[in-house]
Amino acid sequence: MANKLPLPGTLLAALLAALLVILPARAEVIAEYELKAAVIYRLASYVEWPDGLAAASARKRDTLTLCVVGHDPFGPALDALVEHPPGVLRLTLRRLAATEAVRNCDLVWLGLEDIALARALETLRGTSVLTLTDGAGAARRGVMIELLLEQRRVHFAINLKAIQHARLNLSSKLLRLARAIYQETP
């Protein structure tokens, strides 16, 4: 008895069923990073950079430079914020392969693994650059703001010592909203 090939309709139905399983998972990832991009935008408006720095003069023009180093999970979500900001704050966006140029950024998303993350934080030591990521436990390791996704909501943890070392000031409103505040020295 010869093997029968599936009918074209059966093959199409199987393909559609597979896509229906895959697409919602992909849509959740996209939605997660759209939410995180919006949170980054809002967080930036609650940060004060010290006077006399390039970042401070940029902030006074209501424009900040957001750099993404390493893995970029945002897709077009950050591009949309740059092109159509929801408020008065304007962002410029730079995607960087390495951490050498991060000193010219105001905010840096660190899409890096442990060793590379530690190196990037060392490179940024002594600068007034706000660091962000969503790596588990990153705020305890010196990242200033760690974004957390819980039940489809974005929360954040803050490393207050790292922020103080960078001479940045956070609004008390932002501190009240934090899920956790750490005092670990970077």
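Residue numbers run consecutively from 1 along every chain, following the written order of its sequence. Two thresholds apply to this predicted model, a pLDDT of at least 70 for residue-level local features and 80 or more for giving and counting side-chain atom pairs, whereas whole-chain, interface and lining totals are computed over all residues. No hydrogens and no water enter the side-chain calculation; it runs on all heavy atoms of the structure.

Student: Quick question: what am I supposed to make of the overall build of the chain here?
Tutor: For the chain, the count of helices and strands is six helices and nine strands. For the exposure calls, accessible area comes from a 1.4 Å probe over protein chains only, and a residue counts as buried if that area is under 20% of its type's maximum, exposed if over 50%, partly exposed in between. Looking at the chain as a whole, 40% of its 186 residues are labelled buried. For the chain, the proportion of contacts with a sequence separation of at least 24, taken over those separated by at least 6, is 56%. What sets the accessible areas is the Shrake-Rupley method with a 1.4 Å probe; for residues, cover comes only from the shown protein chains. As displayed, the chain offers around 10900 Å² of accessible surface, 58% of which is attributable to carbon and sulfur atoms. Runs of E in the DSSP output that reach at least two residues are strands. Runs of H or I that reach at least four are helices, and both are numbered from the N terminus. Residues are treated as being in contact if the distance between any of their heavy atoms lies within 4.5 Å.

Student: Please explain the nonpolar core as it appears in this structure.
Tutor: Burial of nonpolar side chains together is a common tendency in soluble globular proteins. Among buried residues, the Ala, Val, Leu, Ile, Met, Phe, Trp, Tyr and Cys ones that are joined through side-chain atoms within 4.5 Å form a nonpolar core. Counting residues in hydrophobic clusters, the biggest one holds 36 residues, and the most contacted among them are Leu130, Ile145 and Leu147. The leading source of residues in this core is helix 1 (residues 8-44), at seven residues. Apart from residues no more than four positions distant in its own chain, Leu147 is found in contact with Lys36, Val39, Ile40, Leu43, Trp109, Thr133, Asp134, Val154, His155 and Phe156. Core analysis: the second largest hydrophobic core is formed by 14 residues, Val69, Val102, Leu110 and Ala138 among them.

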